[in-house]
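Architecture and fold: a report
Here's the letter readout for the chains.
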Amino acid sequence: MTELSFQLYSARNVPSLEDFLGKLAALGYTQVEGYGGLYGNVADATTLAAILKKNGLTMPTGHFGPAQVQDVDTTLKTAEILGIKRIYCPHIGPEGRSEDESKWIELAEMLAKGADTYTKHGYGFGWHNHDFEFKPTTSGRTPMEIILETAPNIEWEADVAWIARGKADPVAWFDRYGDRISAVHVKDIAPAGENADEDGWADVGYGTLDWDNLITKVKSKTKAQYFVAEHDKPSDEVRFATRSIATAQKWK
């Protein structure tokens, strides 16, 4: 079985995160992934760490936004409290993007500096993609290429469904940069016209991506150690968690 982690951003709207974490544990999850809004300060992280421990859950990976990445002391303390081993920067807003290479180079240079800082403290550090990194800039290079080539020491948490939504072939990117991929987001895309209320996403195994095949490609072509289930807008978080781990339990 492939051990599936759960990105808690998928559960950002649940009435009680503590209750939901208990449900994840009951379903068989042992790992979760954090996100920036979850651990707003050290006190929040301490409370969360206690709830995770009570439910037998660990948080080996976590998302930290660009501003958090640059607040090194707080991020290091948060990661220490929560037991995070890998820190991924997950997103840049429109103001941080450009049609030419300029903004992407700025981002990559910030990430390169982050990698230098966090690896010195024993953490893995990398970038998590969306779809916009696969739209070529005016030079012809994609932002994803610019990021990985300008910051050669960062890792990559590859969000496979966002790669597909960016009209790119995930396996081709595995072939090219698989040795940089230390984690993947396991998510699915609904058939065209379906799940409009969920922004066109689907529970893992219930969409258009061939995850039975993709997971073998991930394992053979990348160095991924973490497989994180995510749904950006589930209408039923427990349904998503239940269906997704059931799909993963079929994988070797």
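Before reading on, note that the structure itself is shown above.
Throughout what follows, the structure given in this document is the object of discussion. (Residues numbered from 1 in each chain as written. Predicted model: local features only at pLDDT ≥ 70, side-chain atom pairs only at ≥ 80, totals over all residues. Heavy atoms only, no water.)

A look at the pattern of salt bridges
Selection rule: For this analysis, a salt bridge means a side-chain nitrogen from Lys or Arg found within 4 Å of a carboxyl oxygen belonging to Asp or Glu. The secondary structure listing takes helices from DSSP runs of H or I that are at least 4 residues long and strands from runs of E that are at least 2 residues long, numbered from the N terminus. Exposed residues in this analysis have more than 50% of their type's maximum accessible area, buried residues have under 20%, and partly exposed residues fall in between, with area computed by a 1.4 Å probe over protein chains only.
Taken as a whole, this structure holds 14 salt bridges when the rule is applied. Residue R176 pairs with E149 through a salt bridge whose shortest N-O separation is 3.6 Å. Pair noted here: R176 is in helix α8 (residues 170-177) and E149 is in helix α6 (residues 143-150), with a separation of 27 residues, a long-range link. On the basis of relative accessibility, which here comes to 45%, the residue R176 falls in the partly exposed class. The shortest N-O distance in the salt bridge between K187 and D232 comes to 2.6 Å. With a gap of 45 residues between them, K187 in the loop between β7 (181-186) and β8 (188-189) and D232 in the loop between β10 (226-229) and α10 (237-248) connect regions that are remote in the sequence. Residue K187 shares its accessibility class with D232, and that shared class is buried. Within the structure, one salt-bridge network assembled from shared partners comprises E101, R141, E145, E149 and R176.

Considering the pairing of strand β1 (residues 4-7)
Keep this limit in mind: Pairing between two strands requires that DSSP report at least two bridges joining them. By convention, orient the strands away from the viewer: a clockwise path from the first strand over the helix to the second makes the crossover right-handed.
Taking every second residue as pointing to the same face, both faces of β1 are buried, with L4 and F6 on one and S5 and Q7 on the other. Of the pairings in the sheet, the one linking β1 to β10 comprises three bridges and is parallel in character. Each residue of the ladder has a partner; that of F6, found in β10, is A229. Handedness of the crossover is the feature at issue here: the chain leaves β1, passes through helix α1 (residues 17-27), returns alongside strand β2 (residues 31-34), and the resulting connection is right-handed.

Any functional reading would require information that these geometric values do not contain.
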